[in-house]
Amino acid sequence: MVMKNPKFWQVAEVQVTYKSRVPAADLPQISSSYDAENILRQNWSDDIDFIEEFVVLFLNRANKVKGLFRVSRGGTCGTVVDAKVVFAAAIKAMAAGIILAHNHPSGSLIPSQADLSLTKKLRAAGETLEVPVLDHIILAPFNGYYSFADEGTL
């Protein structure tokens, strides 16, 4: 007689939910990198000049912002970004497109090689999943930004 171990057969339940508390008519719309910068700055943490963060805006088909997701916080000169985390959240929110963003506490608006490489990697993943990366914005503390889309580096 073979006994089954009941714990072996137990698995975690996976739930996928997205709940918006804002009517679509009231969502902010993005028509340029300037609009994205304004929305990002209004929702960024208070330590933009100290800690590097990576944030993603989720957009619907009308380029209205469905939500903002803080992917990671790092140190003064970098943060780790996991593509699986970015796109798991984007798919959960049923995003039609995403805008990537991070800050450079140093104030430099020049993308690093790591920034360029990450953008390329996330853009390829977005194409595969049909969740396009529409832009990647680097924010300098207090004012100034770099848009990969505007500069042709997307």
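Use the structure listed above.
The following paragraphs examine the structure supplied in this document. (Residues numbered from 1 in each chain as written. Predicted model: local features only at pLDDT ≥ 70, side-chain atom pairs only at ≥ 80, totals over all residues. Heavy atoms only, no water.)

1. Brief notes about the sheet that holds strand β5 (residues 145-147)
In space, the 5 strands of this open sheet follow the order β2-β1-β3-β4-β5, with mixed pairing throughout. Strands at the two margins of the open sheet, each flanked by one partner only, are β2 (65-73) and β5. Pairs of neighbouring strands in the sheet enclose a mean axial angle of 20°, with direction left out of account. One ladder, built from 3 bridges, connects strand β4 (residues 133-139) with β5; its direction is antiparallel. The residue bridging Ile138 from the neighbouring strand is Tyr146, located in β5. Strands in contact with helix α4 (residues 113-129) are β1 (53-59), β3 (97-103) and β4; relative to β4, the strand with the most contacts, it is inclined by about 155°. (Pairing = 2+ DSSP bridges. Helix = DSSP H or I, 4+ residues; strand = E, 2+ residues; numbered from the N terminus. Axes fitted to C-alpha atoms, helices over the stretch in contact; angles between N-to-C directions. Contact = heavy atoms within 4.5 Å.)

2. A word on unusual backbone geometry
You will see that Asn63, though not glycine, has its phi angle at about 60°, which is positive. For Asn63, the location among the structural elements is in the loop between β1 and β2. Residue classification places Asn63 among the partly exposed residues on the basis of a relative accessible area of 30%. At Met94, a residue that is not glycine, the phi angle is positive and equals roughly 55°. Looking at the element boundaries, Met94 is found in the loop between α3 (83-92) and β3. Residue classification places Met94 among the exposed residues on the basis of a relative accessible area of 64%. (Buried < 20%, exposed > 50% of the residue type's maximum accessible area, 1.4 Å probe, protein only.)

Read these as layout, nothing more, since geometry by itself doesn't imply function.
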